[in-house]
Amino acid sequence: MNTIFKCFRILLIGSLFLRVDVAFCSPQSDSSKRVIEQYLYQGDTQLSQGPDKAISYYNQALQYASNHQDNILLAKCYSKLGEAHYLAGSFYSALYYHQKALIIYDEEKLDSLEADELSKIGSIYYFSDIGELEKALQFYNASYAEFERLGLLAPAGLNLNFSAYVYWAKGEKEEALAIHKKAFETFEKVNNKLGMATSLSDIGFTLNSIGNFKEALKNNLEAYTLERELENKQMQVPTLNNIGLSYLGLNMLDSAQYYSELSLSLANIQGLLLRQNEASSTLVNIYDAQGKKSQAFDMLKTHKLLNDSLKNSTQARKLMAFEIGRDYELKEQEAALKALKAQELAEIKLSKRKRTIIGLTVILILALALIAVISRAVIIRKKANEQLALQQQELEEKNKALENALSELKETQAQLIQSEKMASLGTLTAGVAHEINNPLNFIQGGIYALEDVLKENVVSKKEENIEILAQMQMGVNRASEIVRSLSRFSRRDDDFEMTTLNLSEVINNCLLILNHSLKYKCEILTDFSPECESVISNENALHHIIVNLIANAADAIQKEGTIKISTYLDQDKNPTICVEDNGEGMPAHVLARIFDPFFTTKKPGAGTGLGLSISYTLTKSLKAKLWHESEPEKGTKAFLALTNDRYHG
Amino acid sequence: MVESKKIILYVDDEQINLRVFQLMFKNQFHIITALSAAEAVEKLEEHPSINFVISDYRMPEINGFEFIRNVQPTYKEKNFFMLSGFDQPEEVNKAIELGMIKKYFTKPMNKVEILSALEN
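Please read these numbers as outputs of a predicted model, since none were measured by experiment.

(A) Inspection of the overall build of chain A at higher detail. Of regular secondary structure, chain A possesses 22 helices and 7 strands. For chain A, the proportion of its 649 residues judged to be buried stands at 42%. Here the contacts in chain A between residues at least 6 apart in sequence split such that 64% fall between residues at least 24 apart. Surface exposure of chain A reaches about 36,500 Å², of which carbon and sulfur atoms provide 54%.

So, in C-alpha cells, the structure goes:
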C-alpha cells in the first residue's frame, strides 16, 4: 500500500517540478513543428481518458517528427510515448521510448532534459513489474548528479526523495531517512517550500515506520505548517494521516482520531481514493484501539469498499473476520474458555498416552522410511533391469538391421554384376548384329538366286535340292532371329513410350498369341485384379516379358498341367503379375543363372537362351522387378512387379 | 525387251552383297552397283534413267543416310531405299516421314518385301 502511495506522490510532485523544463519547446513558426505540437497537445488532453488514445496521437506526432528530422521534437514525442505507455502498464515499451529520448537529448547536449529522462527511467524500474530497485537507484542517482551539476536543485532534491523511496522499499529505512533529510536540505538551499514540505512529510512517514513516533510527529507537524502556508490541500492529506499515525504510536488516541478524520474528510472532498484508503485504514486501527468496535467496523466497511477498487485483499479479509467476529464475539470467548479448560484437563490425562503414541509413531516412521528405502532400491534395480532389457532389445534390433543391410548389399552387388553384364552385352550386340546380318544377307541372297537357277534349269534330284535350300533358309532364319533378339539389348531406355495400359488386356493378348502352343497341354486360370486395369508401362516390352514368362511356364510342364496367372497390387501398391506353373521346377543352381544370356535348360534348338535375359533387360528399362520362386517337382512362380507410376506422378 | 526393265542403283561397301543382289534380281531389274557413296554419285550422273536407289546404311567415309540426304534433292523423281543390318535408326525415321526415303529394309533381305515395295 505504501508503494501505491509513493507512486502517487511521485506522479504528483513530478508533474509539478518537471514541467518547467519542457517550457523551452515553445511553438515555432515552422508549420511542421506546429503540427507536431498540436498532436502532442491533443495527446496530452486525451491522457486523462486513458493512455491508448494519447498514444495514437503521440505516434502521429512521432511519425511527423521523424519525417521532418526534427530531433528535439522527436525526443519529446518519445518521452511522451514513454509516459503514456507507462500509464498503460507497458513498462518495457515505456523504458524503450524513454531510452530513445535519453539518447537524443544526450546527443543534442540538452542536459536538463537528459536528467529528466534519467529520472523517469528510474521511476519505471522502481514502480513497474520490472522491479529492479538497484537500477532504479542508479538512474535516480545519475539524474540527481546531473541536476545538481546544472544547479537545478529542486529537481535534484526530488530525485533524492525518489532514491529514498527505493531504499525504503529495500527495507533500508535508516538510509531512506538520511536521504530524505539531505533532500530537505537541498530544497532549503533554494527555499523551495513545496520540496521542503514533501521532504518533511516523508521524513515523518519514515520515522513512523521505524517506530520513532515522537520525532515523526515533530517533522509531520512542520510539514503540515508549511503545506498550510502553501495552501496545498492535496499535500496535507498524507501529512495529516502521518500525524494520526504518530499519535496512534504515542497512544494519544483522541489526537490521532482528530488528525486522521481530518485527513479522511480532506481526501473525500478531493476524491483522492488512495488517500481515503490510507486514512480509513489508520482510523480502523485508532477506533479499534479506542475500543469503539462498531465505529471500527463501519470504518472497515468503508475501507473495504475502497479496497475493492484498489484490490487490496489483506484488508478485505480482516473486515470479514470483523463482521463475523462482532456478533459472536462473547459467545465465542465463552466457548473458547470452556474449550480451553476441557483441553487442559484432557491434555494432562492424555500426556502419558501421548508419549507412548509418539514413541510408536517414531518407530512406525522409521519402519516406513526403511521400507521406502528398500522399495526404492528394488525399484531402482527393476528399472535397471528394464533398461538392460531395453538395451538388449535395441542391440538385437540393430543387429537385425545390420543383417538386413548386409543381405541387401549382397543383393545389390549381384544386381550390379548382372546389370554390368547386360550393359556390356548391349554395346557388344549393337556392333555384332550388323556384322552377322551382312553374311546372313548374302547367304539369304544366295538362296534366292539359287532358287531361281533351280527353277530355270531342270536338274535331276530336284526335290533333294529344294530340301537343302529349305534347310539353309531355316539356318538363316534362326541366326537372324537370334540377332534380332540380341539387338534389343542395345535399345536405350528412352526408346520406351510409356502409356496407360489395362494389364488384363495385355495378358489376354499374350495368351492369344501363345494359344496354339498351350491349348493341348495346359489349363489356364486367370485372376485379374480390377485395381490393375490402368497401369503405366510400355506395351511392347510388357508383352515381350509376359509372353516369355508364360512360354517358360508352359515349357516347364512336361505333359499336362496348370498355369495360373494373377494380377494384384503389392504392399507398396505396385501392380504385380504372377505366373505360376505346376511344372518341373528348378533347383537353386539353375534359378541363379536363369537371367544369364544363352543359358537354357531346353533341348538344343528349342530355345535361344535369351528369353529371360532380354526380359530382364526390358524389366530394368521399365524400372520394374522380375524374380522367380521355384521348387523342383512342384513348380515355379514368376513375379513381375511394375512401378507404381500413378502414385509417383 | 531388256530396255523395258527398270534400273536399280545398289550401293554397299561389300562386293559380295552387290554380287548376290545382282543375281537375285537380274530377271526383274537392270542392276547398277556402287561400292561407296562417291561412286554412287558418279553412277547417278552417268545413268540418268536410274529408277531406284537402294543403299546400305553403314559405309566408310560417307554413310548411306548422308549420301541419300545429299543427292535426293537433285533426283526427286527417283525412289530411295535403305537396306541395312541395323535396327532402323532414329534419323531414318525422320527421313521416311519427310518422304526422302521410301522404305527401310533390314538384312537379311526379304525378296518378296523388296519386290512389292519397288513395284508400287
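From this point, the discussion proceeds with the structure in view.
(B) Inspection of the environment of Ala 34 of chain B at higher detail. Residues and elements named next belong to chain B. Mapped onto the elements of the fold, Ala 34 is located in strand S2 (residues 29-34). For Ala 34, a relative accessible area of 1% puts it in the buried group. When the C-alpha atoms of Ala 34 and Leu 44 are compared, they prove to be 9.9 Å apart, with 10 residues separating the residues in sequence. Residue contacts for Ala 34: discarding those within four places in its chain leaves Leu 9, Tyr 10, Val 11, Asp 12, Leu 18, Glu 39 and Ala 40.

(C) Quick look at the interface of chain B and chain A. Residue-level contacts link 19 residues of chain B with 20 residues of chain A. A combined buried area of about 1,700 Å² lies between chain B and chain A, and 51% of that area is made up of carbon and sulfur atoms. Between chain B and chain A we count 2 salt bridges in total. With its nearest N and O atoms 3.2 Å apart, the salt bridge here joins Glu 435 of chain A to Arg 58 of chain B. The residue inventory of the side of chain B that touches chain A, partitioned by class, reads 8 nonpolar, 5 polar and 6 charged.

(D) Region of the structure containing a nonpolar patch on the surface. Residues and elements named next belong to chain A. Together, Ile 358, Val 362 and Leu 366 make up a nonpolar patch on the protein surface, roughly 290 Å² of accessible area in all. Mapped onto the secondary structure, Val 362 falls in helix H16 (residues 313-456). Looking at Val 362, the relative accessible area reads 43%, which means it is partly exposed.

(E) Expanded view of the confidence of the model for chain A. Residues and elements named next belong to chain A. Of the residues in chain A, 82% have a pLDDT of 70 or more, and the chain-wide mean is 80. Ignoring residues within four places in sequence, the model shows residues 1-29, a span with pLDDT below 50, making 63 contacts including any to other chains. The low-confidence segment residues 312-330 (pLDDT under 50) makes 23 contacts with residues lying over four places distant or belonging to another chain.

(F) Broad picture of the sheet that holds strand S1 (residues 6-11) of chain B. Residue and element names in this part refer to chain B. Strand order in this open sheet of 5 strands is S2-S1-S3-S4-S5, and the pairing throughout is parallel. The sheet terminates laterally at S2 and strand S5 (103-106), the two strands that pair on one side only. Here the average twist between neighbouring strands, direction ignored, is 25°. Together, S1, S2, strand S3 (52-55), strand S4 (79-84) and S5 form the strand contacts of helix H5 (residues 111-119), whose direction differs from that of S5 by roughly 165°.

Parameters and conventions
For every chain, the first residue of its written sequence is number 1, and the numbers climb from 1 along that sequence. Chain letters and ligand numbers both follow the written order, the letters beginning at A and the numbers at 1. It should be noted that, the model being predicted, local features are given only for residues of pLDDT at least 70 and side-chain atom pairs only at 80 or more, the latter also being counted only at that level, while totals for whole chains, interfaces and linings use all residues. In computing side-chain properties, one takes all heavy atoms of the structure into account and sets aside hydrogens as well as water. A run of H or I in DSSP becomes a helix once it reaches four residues, and a run of E becomes a strand once it reaches two; helices and strands are each numbered from the N terminus. For the exposure calls, accessible area comes from a 1.4 Å probe over protein chains only, and a residue counts as buried if that area is under 20% of its type's maximum, exposed if over 50%, partly exposed in between. Working rule for contacts: check all heavy atoms of both residues, and any pair within 4.5 Å makes them a contact. The method behind every accessible area is Shrake-Rupley, applied with a 1.4 Å probe, and residues are considered shielded solely by the protein chains displayed. As used here, buried area is the combined drop in accessible area, with a 1.4 Å probe, of two parts when they are placed together. Salt bridge, as used here, is a side-chain nitrogen of Lys or Arg placed within 4 Å of a carboxyl oxygen of Asp or Glu. Each residue gets one label: Ala, Val, Leu, Ile, Met, Phe, Trp, Tyr, Cys and Pro are nonpolar, Asp, Glu, Lys and Arg are charged, and the others, such as Gly, are polar. Each patch groups residues whose relative accessible area exceeds 30% and which form no salt bridge, using 9 Å between like charges and 5 Å between nonpolar side chains of Val, Leu, Ile, Met, Phe, Trp and Tyr. Each residue carries a pLDDT score, the predictor's own confidence in it, on a scale running from 0 to 100. Should DSSP find at least two bridges between two strands, the strands are taken to pair. Fitted lines through C-alpha atoms serve as axes, helices being fitted only where they are in contact, and the angles separating the N-to-C directions of these axes extend from 0 to 180 degrees.

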